[in-house]
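# Tertiary structure, described
Here is how the chains run, residue by residue.
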Amino acid sequence: MTVRTLKSAIFHLTAVFRPNYIIMDISVVIPLYNEEESLPELAQWIERVMNANGFSYEILFVNDGSTDRSMRVIHELAEKNPAIHAISFSRNYGKSPALNVGFRRAQGDVVITMDADLQDSPDEIPELYRMITEDGYDLVSGWKKKRYDPLSKTIPTKLFNATARKVSGIKNLHDFNCGLKAYRNEVIKHIEVYGDMHRYIPYLAKNAGYKKIGEKVVHHQARKYGHTKFGLDRFINGYLDLGTLWFQSKFGIKPMHIFGLLGSLMFLIGFIAVVTVLILKIVSMNSSTYHFYLTNSVYFYLSLAFMVLGVQFFCTGFIGELITRNSAERNNYLISEEF
Ligand code: UDP
Ligand code: MG
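Structural notes, computed from the coordinates. (Residues numbered from 1 in each chain as written. Chains lettered and ligands numbered in written order. Predicted model: local features only at pLDDT ≥ 70, side-chain atom pairs only at ≥ 80, totals over all residues. Heavy atoms only, no water.)

Moving on: the overall build of the protein. Scanning the protein for helices and strands turns up 11 helices and seven strands. Computed over its C-alpha atoms, the radius of gyration of the protein comes to 27 Å, more than 25% above the 20 Å expected for a compact globule of 339 residues. With the C-alpha coordinates aligned to their principal axes, the bounding extent of the protein is approximately 100 × 55 × 35 Å. In the protein, the proportion of contacts linking residues at least 24 apart, taken out of those at least 6 apart, comes to 79%. Surface accessibility of the protein: about 18,700 Å² in total, with carbon and sulfur atoms responsible for 62%. Mean positive and mean negative side-chain charge positions of the protein (38 and 33 charges, respectively) differ by 7 Å. (Helix = DSSP H or I, 4+ residues; strand = E, 2+ residues; numbered from the N terminus. Rg over C-alpha atoms; globule rule 2.2 N^0.38 Å. Contact = heavy atoms within 4.5 Å. Areas by Shrake-Rupley, 256 points an atom, 1.4 Å probe, with all protein chains shown as cover. Lys, Arg positive; Asp, Glu negative; His and termini not counted. Charge placed at Lys NZ, Arg CZ, Asp CG, Glu CD.)

Within the protein, the magnesium ion (ligand 2) binds to Asp-117 (OD) and Gln-119 (OE1); these donor distances fall in the range 1.9 Å. Neither residue differs from the other here; Asp-117 and Gln-119 are each classed as buried. (Donors = N, O, S within 2.8 Å, 3.2 Å for Na, K, Ca; no water. Buried < 20%, exposed > 50% of the residue type's maximum accessible area, 1.4 Å probe, protein only.)

Turning to the site of ligand 1, a few remarks are in order. Around ligand 1 sit 18 residues in total, of which Glu-35, Asp-64, Asp-117, Thr-228 and Lys-229 are the nearest. Asp-117 has a polar side-chain atom sitting 2.6 Å from an oxygen atom of ligand 1. Within the side chain of Thr-228, an N or O atom sits 2.5 Å from an oxygen atom of ligand 1. For ligand 1, whose accessible area on its own is 530 Å², the fraction buried by protein is 93%. The residue makeup of the shell around ligand 1, split by class, is five nonpolar, four polar and nine charged. (Near = heavy atom within 4 Å. Polar contact = N/O pair within 3.5 Å; in protein donor to acceptor, adjacent residues only side chain to side chain. Nonpolar A, V, L, I, M, F, W, Y, C, P; charged D, E, K, R; others polar.)

So, on to a nonpolar patch on the surface. Nonpolar side chains collect at one region of the surface, where Phe-267, Phe-271, Val-275, Ile-279, Val-283 and Val-311 lie side by side and expose about 490 Å² of accessible area between them. Looking at the nonpolar patch element by element, the count peaks at five residues for helix H10 (residues 255-285). Looking at where Val-283 falls in the secondary structure, it is placed in helix H10. (Patch = residues over 30% accessible without salt bridge, like charges linked within 9 Å, V, L, I, M, F, W, Y side chains within 5 Å. Salt bridge = Lys/Arg side-chain N within 4 Å of Asp/Glu carboxyl O.)

Dropping the structure here:
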């Protein structure tokens, strides 16, 4: 028995003295959008794995505005198994918002996310749980080493992952966007998955201060029912989001560091151009043969453009600073110890 499991055992044994504490090993969070055919099989499979390993658990289905019978099916499943719960959006918001509300509600020590389409295997749960609780990972991401997806998806995915590795600095991950992931509960409570950021949860976790990120090769299956909910625009949007995250993590709380620098540089170039134009003008005034026209000079336009742009960049940085000072989350720091 490792120190960690011993600690965890003591933590659970003393739980009776903390009235609001609920003992639960695992929360499975499943975002879904029109997956009625897969749900019964998925729920039974998870149930089987949990019972075989003696885990206490909850299954949190997050219905992302399905228009098919998904919600009906979940009601029927919940009648048979009290561990099944659901949050249902009134419209389709996207996978990230679905994960976000699931995370807010999840109570298990380990939180596992998986897709609802049976492409991810619940048989991976025990090992993922072990990696978080015993190996001490903050986050373990699945790696669909052998994928059962069309080539049009697997090739761009390789490029996408290579870029994500480079930009995020998380060098050991091969499959950022794998739906099957496991987290220590604390991690998901400290990240906000919004927009389409579910593709970069490891990066979000890293930026929040959770750096022990691992990977596990997982089985992947072809989609059995229904069809994929994401088109090729995922790759374009994916890259734009990566840019946003990179910018946020680098300059999010110090916007002046980039805009101030750019602004000052441009202003300087503009200023040099102005001085050049002035010198040329003065020289030409004293000459009878050479006449200098301001509007004929490239320096004149450079000075105008660069000085105006420079001031604008500077102001943007300044406004950015004011916004971050007023942001409610500016002091959301992760504290590892306190006396
Ligand atoms: N999904 C969702 N909201 C959406 C799109 C997808 O909740 O707007 C869910 C979907 O039901 C599935 C998971 O996200 O459980 C992954 O989607 P999909 O299988 O279509 O993606 P792919 O496997 O093709 O990457
Ligand atoms: Mg899928």
